[in-house]
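For reference, the chains in residue letters:
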Amino acid sequence: MQVGLGTVYAWSVYRRPLSDAFGWSITEVTLTFSLLILTAGFAAFLGGMWLSRSGPRRVAVCAGVLYGAGVSLASLSEDRLPVLYLTYGMVAGAGVGLGYIVPIATLVKWFPDRRGFITGLAVSGVAAGSLIASPITAELIERVGVVDTLAVLGGVYLVVVVGAGLVLRDPPEGYRPVGWTPESEEGGRGQRDFDLRGALRGWQWYLLWAIFFLNVVAGLGFVSEGAPMARDLAGVGAVAAAGLVATAFIGDAVGRVAWPWLSDAVGRRAVLAAIFLVQAGLFAGLSLVTSAGVFAVLGALILFCYGGSSGTMAATTADLFGSRHLGAIYGLMLTAWGFGGVLGPLIIAALRESSGGYTGALRIIAAIMLASVALPLLMRRPRRGL
């Protein structure tokens, strides 16, 4: 299911063909992806609330239908930019948001003893989706054009997400892994579940929201402009640029498992602080790149960090607030994904358009990452539960 939804991160492959075909500006086309992520962030909250009442299957099926239909209907946007915003931006975005929370909230209930690893494994499918979709999308655009590519791939995504979602179910009431008890939780103090209202009463939720938001600004800023950035900085062609972006998503897939797995051993705070620090150096280095090989390596490492932050955030949220109401609590936190997905791509696209290059935007992102290192170190578990 996450592989199907993760194809949304192949967006940068569409960006230049859409601009070239219909004369839209970089910022106008990039706004589509920002709108999708913003819609997805709010839809994730609704999906989390619905998930708590109806279980994973209904939410998953609805998500697959919306995402697939939104991508296919985007093929009707020829010379009509508002149609692209409505279909790919809002309809498909609603599907991504509704669906993204489903595997995460479900798996945390099945594997409370391996939260970091299992949420990382789940969201690694998102990176795999882009890794698979980026070169296929670029090749289809070369062969049949961008409009027909959207129509065909939307149908494929619908089948994949709905088919996978139909097999999901929650564990039975009272389920616990053999040998595990709530007292086994990190810190040895047991698990205390918060509902959404209780989580929002404490400052910890807002700190996590800010950490998530800043990581998304950096990660999705790179994702949204990855292919055209590769063409400008490394001087490669369209298909090769898509290949470099696809290669970078190997780092995303690995990071979504490796960083959360490491956080199970050394703690969430240390991992999140390290992710910010490493990203600061990577974005600064990317601003100096002129070769395709170096671009591929730095891009993979940037997405290694972005994927790691995404995987670790779900486990961190469960640590602080419990898994019983994770769908609603983490679903609302995914609004940070939405707002970060608007700001990051627009910062890079607007600065690229105004300055004629990516150097300034990349250095601004590096400075933001460096300043954010202190935030995870402030994190503390709330004192009161339900």
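As the structure is a prediction and not an experimental result, all values here were calculated from the model. Note that residues are indexed from 1 along each chain, following the sequence as it is written. Only residues with pLDDT of at least 70 get local features here, since the model is predicted, and only at 80 or more are side-chain atom pairs given and counted; chain-wide, interface and lining totals rely on the full set of residues. By convention in this description, side-chain values take in all heavy atoms of the structure and omit both hydrogens and water.

A look at the overall build of the chain
Then comes step 1: When you go through the chain residue by residue, the secondary structure sums to 15 helices and zero strands.
Then comes step 2: Oriented by its inertia axes, the alpha-carbon framework of the chain measures out at about 60 × 40 × 30 Å.
Then comes step 3: Three exposure classes are used, based on accessible area relative to the maximum for each residue type with a 1.4 Å probe and protein chains only: buried under 20%, partly exposed in between, and exposed over 50%. The buried share of the chain, reckoned over its 386 residues, is 59%.
Then comes step 4: Should any heavy atoms of two residues lie within 4.5 Å, those residues are considered in contact. Considering only contacts within the chain whose residues lie at least 6 apart along the sequence, 85% involve residues at least 24 apart. Helix numbering and strand numbering both begin at the N terminus, where a helix is a DSSP run of H or I of at least 4 residues and a strand a DSSP run of E of at least 2.

Regarding helix α13 (residues 326–333)
Then comes step 1: Among the eight residues in α13, eight count as buried, and that is most of the element.
Then comes step 2: Residues L326, G327, A328, I329, Y330, G331, L332 and M333 constitute the buried set of α13.

Observations regarding the packing of helix α9 (residues 203–234) against helix α12 (residues 292–321)
Then comes step 1: Relative to each other, α9 and α12 sit at 160°, their axes nearing to 10 Å. The angle between the axes of α9 and α12 places the two elements in the roughly antiparallel class. Crossing hand, α9 versus α12: left-handed.
Then comes step 2: Throughout this entry, Asp, Glu, Lys and Arg are counted as charged residues, while Ala, Val, Leu, Ile, Met, Phe, Trp, Tyr, Cys and Pro are counted as nonpolar. The remaining residues, Gly among them, count as polar. Of the residues contributing to the contact of α9 with α12, the split by class is 20 nonpolar, nine polar and no charged. Here, axes are lines fitted to C-alpha atoms. For helices the fit covers the stretch in contact, and angles between N-to-C directions go from 0 to 180 degrees. To sort the angles, those under 35 degrees are grouped as roughly parallel, those over 145 as roughly antiparallel, those from 65 to 115 as roughly perpendicular, and the leftovers as oblique. Helix crossings fall into two classes, left-handed where the near helix is turned counterclockwise from the far one by less than a right angle and right-handed where it is turned clockwise.

Examining the environment of V147
Then comes step 1: Inspection of the secondary structure puts V147 in helix α7 (residues 146–165).
Then comes step 2: A relative accessible area of 21% places V147 in the partly exposed class.
Then comes step 3: In contact with V147, other than residues within four places in its own chain, are F22 and S75.

Focus on the confidence of the model for the chain
Then comes step 1: Per-residue confidence from the predictor is reported as pLDDT, which spans 0 to 100. Across the chain, the average pLDDT comes to 85, with 96% of residues at 70 or higher.
Then comes step 2: pLDDT under 50 marks residues 186–190. Its contacts with residues more than four places away, or in other chains, come to ten contacts.

Some details on a nonpolar patch on the surface
Then comes step 1: On the surface, F117, L121, W261, L262 and V266 cluster together to form a nonpolar patch covering roughly 460 Å² of accessible area.
Then comes step 2: If you list the elements that add at least two residues to the nonpolar patch, you get α6 (115–144) and α10 (238–266).
Then comes step 3: By residue number, the principal contributor to the nonpolar patch is α10, which donates three residues.
Then comes step 4: Position of W261 among the secondary structure elements: in helix α10.
Then comes step 5: The exposure class of W261 is exposed, given its relative accessible area of 55%. Exposure above 30% relative accessible area and no salt bridge define the residues that can form patches, which grow by joining like charges within 9 Å and nonpolar side chains of Val, Leu, Ile, Met, Phe, Trp and Tyr within 5 Å. The Shrake-Rupley method, run with a 1.4 Å probe, gives the accessible areas here. Residue values count only the displayed protein chains as cover. For this document, the term salt bridge refers to a Lys or Arg side-chain nitrogen within 4 Å of an Asp or Glu carboxyl oxygen.

Section: the packing of aromatic side chains
Then comes step 1: Any two rings among Phe, Tyr and Trp, with Trp reduced to its six-membered ring, count as a pair given centres within 6.5 Å; such a pair is stacked if its planes are under 30 degrees apart, edge-to-face if over 60, and tilted if neither. Counting across every chain of the model gives 15 aromatic pairs.
Then comes step 2: A centroid spacing of 6.0 Å and a plane angle of 40° characterise the contact between W11 and Y14, whose relative ring orientation is tilted.
Then comes step 3: What makes W11 buried here is its relative accessible area of 1%.
Then comes step 4: Judged by its relative accessible area of 2%, Y14 is buried.
Then comes step 5: Summarising the aromatic geometry, the rings of W11 and Y88 are spaced 4.9 Å apart at their centres and angled 45° between planes, so their arrangement reads as tilted.

Observations regarding the environment of Y175
Then comes step 1: Among the structural elements, Y175 can be located in the loop between α7 and α8 (196–201).
Then comes step 2: Y175 sits 64 residues away from F111 along the chain, and the two C-alpha atoms are 9.9 Å apart.

What to know about the nonpolar core
The tendency in soluble globular proteins is for nonpolar side chains to be buried as a group.
Then comes step 1: In plain words, nonpolar cores are sets of buried Ala, Val, Leu, Ile, Met, Phe, Trp, Tyr and Cys residues tied together by side-chain atoms within 4.5 Å. Among the nonpolar cores identified, the biggest contains 121 residues, and Y9, Y88, F295, Y330 and W337 are the most heavily contacted of them.
Then comes step 2: By residue number, the principal contributor to this core is α9, which donates 18 residues.
Then comes step 3: If sequence neighbours within four positions are ignored, Y330 has contacts with Y100, I101, I104, F212, S310, M313, A314 and T317.

Digging into the side chain of R256
Then comes step 1: Structurally, R256 can be placed in helix α10.
Then comes step 2: Reaching out from R256, the side chain makes a polar contact with the side chain of D252 at a distance of 2.7 Å. Polar contacts, as counted here, are pairs of nitrogen or oxygen atoms within 3.5 Å of one another; within protein the pair requires one atom able to donate a hydrogen and one able to accept it, and residues that are adjacent in sequence qualify only if both atoms are side-chain atoms.

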